[in-house]
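One letter stands for each residue in the lines below.
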Amino acid sequence: MTGAVIVYGRSSDHSAKSAVDFTTSVGSLDLIAPILTASGCAASGRELDNYFDITAIGGVVTKSIMLAPRSGRATPRMAETPSGMLNSIGLQGPGVESFIENDLAWLQQRGVKTIVSIAGGSAEEFGKVAAKLRVAGGFDAIEVNISCPNVEDRGQVFACRADTAAQIVQVVRRNSDNRIPIFAKLSPDVTDIVEIASSVAQAGATGVSVINTLLGMVIDTNSMRPALAGVTGGLSGPAIRPVAVRCIWQIRNALPDLPIIGMGGVRTGHDALEMVLAGANAVSVGTTIFNDPSAPMRIQDELEHELRSRGFTKFSQAVSYAHREVDRTLQIDTPTDAADHTDEVWDFISE
Amino acid sequence: MAPMNSGALQVNGEVLDVQRTGKYFVMSVTAPGIVERTQPGQFVTVGMGGEASSLILRRAFAIQRVHSRGMYGGTLEFVVSPVGKGTEWLTKLRRHDPLNLVGPLGKPFTLPTKAVSCVLVGGGYGSAPLIMLAESLRDRGCRVDTIIGASTEMKLYGELELKRVSTSLTLTTEDGTAGIQGRTTDALVTILESAQVDVVYACGPMPMLASVAEESTARKVFSQCSVEESMACGIGVCMTCVLPIVGEDGVTRMLRSCVEGPIFRGDRVRWSDIGTIPDGTLGKEVSQP
């Protein structure tokens, strides 16, 4: 965080080989580990449980659920792009009641930390979905997908304006249990993402999920028509990672205490570390799951290695570390070799 | 509530052989664990371009055949048509190159419990998974009449293998360079009109599958079609490979071809509506904003 002071101390009770304390808190959401699945890339976790122990990662963010069953858009829904992909699914889903009965029941029985992503075409729909979830219970947090078209405003997405974004968060907050943390998922397709983050925080969001996809388009040069049936689609994958890092950085810089879940093109533990250093308190893995179904677990293991090799003993020490003031007298800014730092502990005191 | 695709594995395999045949390449790869679980009609997905690749989506291939024994342990074969960057990269791999595989994926062909009469229809390299299917059907004592076709001879696939495992084999090409000039469905109609057929199995381009399903259903013959839809994940999480399928309750749903398929009953697929959300589909919005 800005203005952080580094205290360089010594400790005798750990070595370079000891495990990193991976617990993290994103506001009032406590996680055993910092890696989550990103909404829309893991369904409700069941399919992935086949490839790794889904309870061993921080948690599952489910695919955005709406009030009623929804068919989604026509195909083609997907196009591959350099280091990324474009999708236009149209929020296909079974509706919140079926979701509660099947998906949520499975997640609860499996003991998965669950963040339910919700979507709606109007403030009213968001409120109704949240209210149904409150009655059902059995989940740990809500992520509000405000990147859906507002049917009452010519299909403009809620996330693109501070007032509409805040309005949705307010409605969800009002219809949710007070103890349930709420994260607003922000779109990078805005002029000033800090303004949106501030307004959703004021409206009652516990924190923000940063970033959703960027709007993109591909034209098929064989048919000489748009490649997607929905014409435009959301760009995701490693191609967008620098945009995500920039957004996280800007929000962290302006709002030092706002909990942030970072996401956007994370493919390795190294990529996840970059987001953490920029200010993310947890990191979601999305499109990379399509490439590697065991990616969340792999990335979590890699992140632990990345942290340890830089001398961190706790995940929380690395959060926002890139924002620290450069201390020229101590020359401890780049601990690259863990062996040199076996007796050192890093403490950060935020001013 | 069993997990989807339970039994599928992600393994690091190795290329054993790449054989060119006509316009296609047959890849033989080690896939320990996947091989033992594979049933006819299932597929594998393959990671493209190595670790630093900018191609982030896996490619899906129908499994042609598996060998569970031999000096390499489990090996499997699939056929590649080099049409883009990913598939071209794949066909340039050599013996001992590593390959990341996920499988076996999808629902297999439903096999008859009795020794019935079957017709197999393959278009282009869609005939590849019919090899393993024909072997299973013959093991059950079924009659297997196979038809394979393509636009031209160079695009026919599997003639020798299928001749060995089929009761009869018919070839068709649209340009007449091999076999009967015409389409596979013309040959299918001839068989359906002249003999008792209990079930038709098909794999190939969507228009061919639509015709196979239509001709079979019109004669009250059960058909099983292996569809080809572009997929991002292959494991049921991305929702890109959906098709309009009519359920037993008469309701149309957009189902994922990777986990609810790729084998669908021909009479359940709304072939002419593929690429749309047909009216009456569950969850279709009545008015678009």
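Residues numbered from 1 in each chain as written. Chains lettered and ligands numbered in written order. Predicted model: local features only at pLDDT ≥ 70, side-chain atom pairs only at ≥ 80, totals over all residues.

1. Details of the overall build of chain B
Line of reasoning, step 1. The secondary structure content of chain B amounts to six helices and 15 strands.
Line of reasoning, step 2. Taken over the C-alpha trace, chain B has a radius of gyration of 19 Å; the compact-globule value for 289 residues is 19 Å, and the two agree within 12%.
Line of reasoning, step 3. A principal-axis box enclosing the C-alpha atoms of chain B has dimensions of 55 × 50 × 40 Å.
Line of reasoning, step 4. Every one of the 289 residues in chain B was classed for burial, and the buried ones make up 50%.
Line of reasoning, step 5. Sequence separation of at least 24 residues holds for 65% of the intrachain contacts in chain B that already meet a minimum separation of 6. (Helix = DSSP H or I, 4+ residues; strand = E, 2+ residues; numbered from the N terminus. Rg over C-alpha atoms; globule rule 2.2 N^0.38 Å. Buried ≥ 20, exposed ≤ 12 C-beta atoms within 10 Å, placed from the backbone. Contact = placed C-beta atoms within 7 Å.)

2. A short note on the nonpolar core
Line of reasoning, step 1. Grouped together as the largest cluster of nonpolar side chains are 192 residues, with contacts concentrated most on Val144, Val169, Val200, Val208 and Ile248 of chain A together with Val44 of chain B.
Line of reasoning, step 2. Considering each element in turn, this core owes the most residues, seven residues, to helix H3 (residues 128-139) of chain B.
Line of reasoning, step 3. For Val44 of chain B, the residues in contact, after removing those within four places along its chain, are Ile34, Phe61, Ile63, Leu76, Phe78, Leu101, Val102, Gly103, Pro104 and Leu105 of chain B. (Core = buried A, V, L, I, M, F, W, Y, C linked by C-beta atoms within 7 Å.)

3. Things to note about the interface of chain A and chain B
Line of reasoning, step 1. With 40 residues of chain A at the interface, the matching set in chain B holds 33 residues.
Line of reasoning, step 2. Elements supplying a minimum of two residues to the side of chain A that touches chain B: strand S6 (78-81), strand S7 (84-87) and helix H7 (288-291) of chain A.
Line of reasoning, step 3. Of the residues that constitute the side of chain A that touches chain B, the class distribution is 21 nonpolar, 13 polar and six charged. (Nonpolar A, V, L, I, M, F, W, Y, C, P; charged D, E, K, R; others polar.)

4. Considerations on the environment of Asp53 of chain A
Residue and element names in this part refer to chain A.
Line of reasoning, step 1. Here Asp53 lies in the loop between strand S4 (35-37) and strand S5 (59-61).
Line of reasoning, step 2. A tally of 10 C-beta atoms within 10 Å means that Asp53 is categorised as exposed.
Line of reasoning, step 3. Separated by 244 residues in the primary sequence, Asp53 and Met297 have C-alpha atoms spaced 8.0 Å apart.

5. Examining unusual backbone geometry
Line of reasoning, step 1. Look at the link from Val210 of chain A to Ile211 of chain A: it is a cis peptide, with omega at 15 degrees.
Line of reasoning, step 2. Inspection of the secondary structure puts Ile211 of chain A in the loop between strand S11 (207-210) and strand S12 (214-217).
Line of reasoning, step 3. Cis geometry is adopted by the peptide bond preceding Pro262 of chain B, which originates at Gly261 of chain B and carries an omega value of 5 degrees.
Line of reasoning, step 4. Note on placement: Pro262 of chain B falls in the loop between strand S14 (252-256) and strand S15 (263-265).
Line of reasoning, step 5. A positive phi angle is found at Ser83 of chain A, which is not glycine, with a value near 50 degrees.
Line of reasoning, step 6. By the secondary structure assignment, Ser83 of chain A is in the loop between S6 and S7.

6. Notes on the confidence of the model for chain B
Line of reasoning, step 1. Residues at a pLDDT of 70 or more form 96% of chain B, whose mean pLDDT is 94.
Line of reasoning, step 2. At the level of chain-chain contacts, confidence expressed as ipTM amounts to 0.93, with global pTM at 0.91. (pLDDT = per-residue confidence, 0-100.)

7. Quick notes on the domain arrangement of chain B
All names here are of chain B.
Line of reasoning, step 1. We note that the domain assignment places domain 1 (9-105), domain 2 (109-226) and domain 3 (229-289) within chain B.
Line of reasoning, step 2. Computed from C-alpha atoms alone, the centre-to-centre distance between domain 1 and domain 3 is 27 Å.
Line of reasoning, step 3. Counting from both sides, the interface comprises eight residues of domain 1 and, opposite them, seven residues of domain 3. (Domains from an automatic or database assignment.)

8. Here's the deal with the environment of Ser223 of chain A
Line of reasoning, step 1. With respect to the helices, strands and loops of the structure, Ser223 of chain A is situated in the loop between strand S13 (219-220) and strand S14 (225-226).
Line of reasoning, step 2. Taking C-alpha positions, Ser223 of chain A is 31 Å from Val151 of chain A, a pair spaced 72 residues apart along the chain.

9. Brief notes about the sheet that holds strand S6 (residues 98-105) of chain B
All names here are of chain B.
Line of reasoning, step 1. Spatial ordering of the closed barrel is given by S1-S2-S5-S4-S3-S6, a layout of six strands whose pairing is antiparallel. Taken pair by pair, the neighbouring strands of this sheet meet at an average axis angle of 45 degrees, ignoring direction.
Line of reasoning, step 2. Where strand S3 (residues 43-46) meets S6, three bridges bridge the pair, whose relative direction is antiparallel. Residue pairing in the sheet places Thr45 in a bridge with Val102 of S6. (Pairing = 2+ DSSP bridges. Axes fitted to C-alpha atoms, helices over the stretch in contact; angles between N-to-C directions.)

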